[in-house]
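What follows is the residue order along each chain.
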Amino acid sequence: VHYIYIFHSMFSIHSYLRKGAIDNFDTIFCVGNHHNREIREIEKVYGLKSKRLIDYGFGRLDTLLDEKENIKINQEENLIIITPSYGKNNLLEVCGLELIEILLQSKFKILLRPHFRIFEESKELIETIHEKFDKNPDFILEEGVITSEKFHNSKCMISDWSGISLEYAFTFERPVIFIDVPKKVLNQNVNDISLKPIEISIREKIGHIIKPNNLKDILEKINDQSKSKDIKQIRFDTVYNIQNSAKIGADTIEEILNELKNN
C-alpha cells in the first residue's frame, strides 16, 4: 500500500493540522512551495523519514477558476459572503450580530455560511440569528454548500481564519476582509517549526484587516480594490500548476502504480 495525502486547504501544515497528521504518508501532494519547506523542516525537527513531495497545486482552486470562465456573472445583487471559521473566538461569536446589522443597514445582501461545527457548538447564537434576521429578504443563512452562482456573483468576502478566504482571493483577484479575531490553534507544538504560517504572512497582502471594535471601517474597504493588482502574482507565487493540478496528480498516481507493479 502506498499512502498519498492531498490537502483540503492551502494553509500551513503546522498551523492547521495537528502534530503527526501526515507523518505516515508516503507521498504528499503539495499546494505550493510553503508545504515543501514545512514538510522538510518537520522531518528534520522530529527525525522523520523523507517523503516524496509532489509539486501539485490545489484542485479546488482550479475548479473555481474554471467555473469563473464559464459561469454567468451578475453582481447587481450587492451580495456579501461571511464565512466564519469555528472555535470560541470566531468572528460570528465575537461580533457577528453587529456585523450583519451594519451591512444590512447599508443595503447589502448577506449570505452567512458558518463552519459546520458552529451549528453544533453555538446553537443559541444560531437561534438568535434566525430570530433576528430570517424575515429579512436580504439575509441568507446557508447551512450547506455555497452555490456556485452565489459564490461567483458575490461582491466581497468577510472572514476570519477560514481557508476559503484564500480560495476567494485567488479566484477573483479581489481582497478579502479579515476580522482580526484570535487565531485558533490546533497544533499545540506549532512553535517547534520556525516557519511563519502562510495564512499569517500572506494576510495583509491579499486582504484588509479590520478590528472587531472598528466594524464600520468595513464599509469603505468593501470597494477598496487597491490590492487586486498584486493578488494574481501572489497566487502564482503561492500555488503550483494553476488549472493543471489534476493532470499532475493523475500522472503521479499512474507513475506510483507502475512502480508498485514493477516491484
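Everything discussed here concerns the structure shown above.
Bear in mind the structure is a predicted one, so any value in this text is a computation, not a measurement.

K.L.:
I'd like a rundown of the overall build of the protein chain, residues and numbers included.
P.N.:
Broken down by element type, the protein chain carries 13 helices and nine strands. Principal-axis analysis of the C-alpha atoms gives the protein chain an extent of 65 × 40 × 35 Å. A buried classification covers 49% of the 263 residues belonging to the protein chain. Within the protein chain, contacts between residues at least 6 apart in sequence are counted, and of these 74% link residues at least 24 apart. Surface accessibility of the protein chain: about 13400 Å² in total, with carbon and sulfur atoms responsible for 47%. With 36 positive and 41 negative side-chain charges, the protein chain shows a spacing of 3 Å between the two charge centroids.

K.L.:
An account of the pattern of salt bridges is needed here, citing residue identities and associated values.
P.N.:
All told, the structure shown has 14 salt bridges when counted by the stated rule. The partner of Lys51 in a salt bridge is Glu43, with the nearest N and O atoms 3.5 Å apart. The burial state of Lys51 is the same as that of Glu43; both residues are buried. In this structure, Lys221 engages Asp224 in a salt bridge whose closest nitrogen and oxygen atoms are separated by 3.9 Å. Its relative accessible area of 21% is what places Asp224 among the partly exposed residues. Several salt bridges converge on common partners, so that one network encompasses Arg40, Glu43 and Lys51.

K.L.:
Summarise a nonpolar patch on the surface; cite the residues concerned and give the values.
P.N.:
Together, Ile253, Leu257 and Leu260 line one region of the surface with nonpolar side chains, adding up to about 250 Å² of accessible area. Take Ile253: it is sitting in helix 13 (residues 245-262).

K.L.:
Residue-level account of helix 8 (residues 164-172), with values.
P.N.:
Of all nine residues in helix 8, nine are buried, a share of seventy percent or more. Of all the residues in helix 8, the buried ones are Ile164, Ser165, Leu166, Glu167, Tyr168, Ala169, Phe170, Thr171 and Phe172. Downstream of helix 8 by a residue or two, Glu173 has a phi angle that is positive, lying close to 55°.

K.L.:
How would you sum up the sheet that holds strand 5 (residues 109-112)? Please name residues and give values.
P.N.:
Two pairing modes exist for strands in a sheet, parallel and antiparallel, and in both the strands are linked by backbone hydrogen bonds. Read from one edge to the other, the open sheet built from six strands follows the order 6-5-4-7-8-9, with strand pairing classed as parallel. Either end of the sheet is taken by a strand with one partner, and the two such strands are strand 6 (139-141) and strand 9 (207-210). Taking each pair of neighbouring strands and ignoring which way they run, the sheet shows an average axis angle of 20°. As defined by bridge partners, strand 4 (residues 79-83) adjoins strand 7 (residues 154-159) across five bridges and the pair is classed as parallel. Within the sheet, the bridge partner assigned to Leu79 lies in strand 7 and is Ser154. Against the sheet, helix 8 engages strand 4, strand 7 and strand 8 (176-179), with an angle of about 150° to strand 7.

K.L.:
I'd like a description of the sheet that holds strand 3 (residues 52-55), backed by residues and values.
P.N.:
Spatially, three strands are ordered 1-2-3 in an open sheet, and the strand pairing comes out parallel. Either end of the sheet is taken by a strand with one partner, and the two such strands are strand 1 (4-6) and strand 3. Pairs of neighbouring strands in the sheet enclose a mean axial angle of 20°, with direction left out of account. Here strand 1 pairs with strand 2 (residues 27-30) via three bridges, running parallel. Each bridged residue has a counterpart across the sheet, and for Tyr5 the counterpart in strand 2 is Ile28. Of the strands in this sheet, strand 1, strand 2 and strand 3 are in contact with helix 13, which crosses strand 3 at around 150°.

K.L.:
Report on helix 12 (residues 228-238), specifying residues and quantitative values.
P.N.:
For helix 12, the full list of buried residues reads Ser228, Ile231, Ile234, Arg235 and Thr238. Buried residues of helix 12, viewed axially, fall in a sector of 105°; they line one side. The outward face of helix 12, more than 90 degrees from its buried face, is lined by the exposed residues Lys229, Phe236 and Asp237. In this structure, the buried residues of helix 12 make contact with helix 2 (33-46), helix 3 (59-70), helix 8, helix 9 (198-201) and helix 10 (203-206).

Rules used in this analysis
- Residues numbered from 1 in each chain as written.
- Predicted model: local features only at pLDDT ≥ 70, side-chain atom pairs only at ≥ 80, totals over all residues.
- Heavy atoms only, no water.
- Helix = DSSP H or I, 4+ residues; strand = E, 2+ residues; numbered from the N terminus.
- Buried < 20%, exposed > 50% of the residue type's maximum accessible area, 1.4 Å probe, protein only.
- Contact = heavy atoms within 4.5 Å.
- Areas by Shrake-Rupley, 256 points an atom, 1.4 Å probe, with all protein chains shown as cover.
- Lys, Arg positive; Asp, Glu negative; His and termini not counted.
- Charge placed at Lys NZ, Arg CZ, Asp CG, Glu CD.
- Salt bridge = Lys/Arg side-chain N within 4 Å of Asp/Glu carboxyl O.
- Patch = residues over 30% accessible without salt bridge, like charges linked within 9 Å, V, L, I, M, F, W, Y side chains within 5 Å.
- Pairing = 2+ DSSP bridges.
- Axes fitted to C-alpha atoms, helices over the stretch in contact; angles between N-to-C directions.
- Arc of directions from axis to C-beta.

By themselves, these observations are geometric and do not establish any function.
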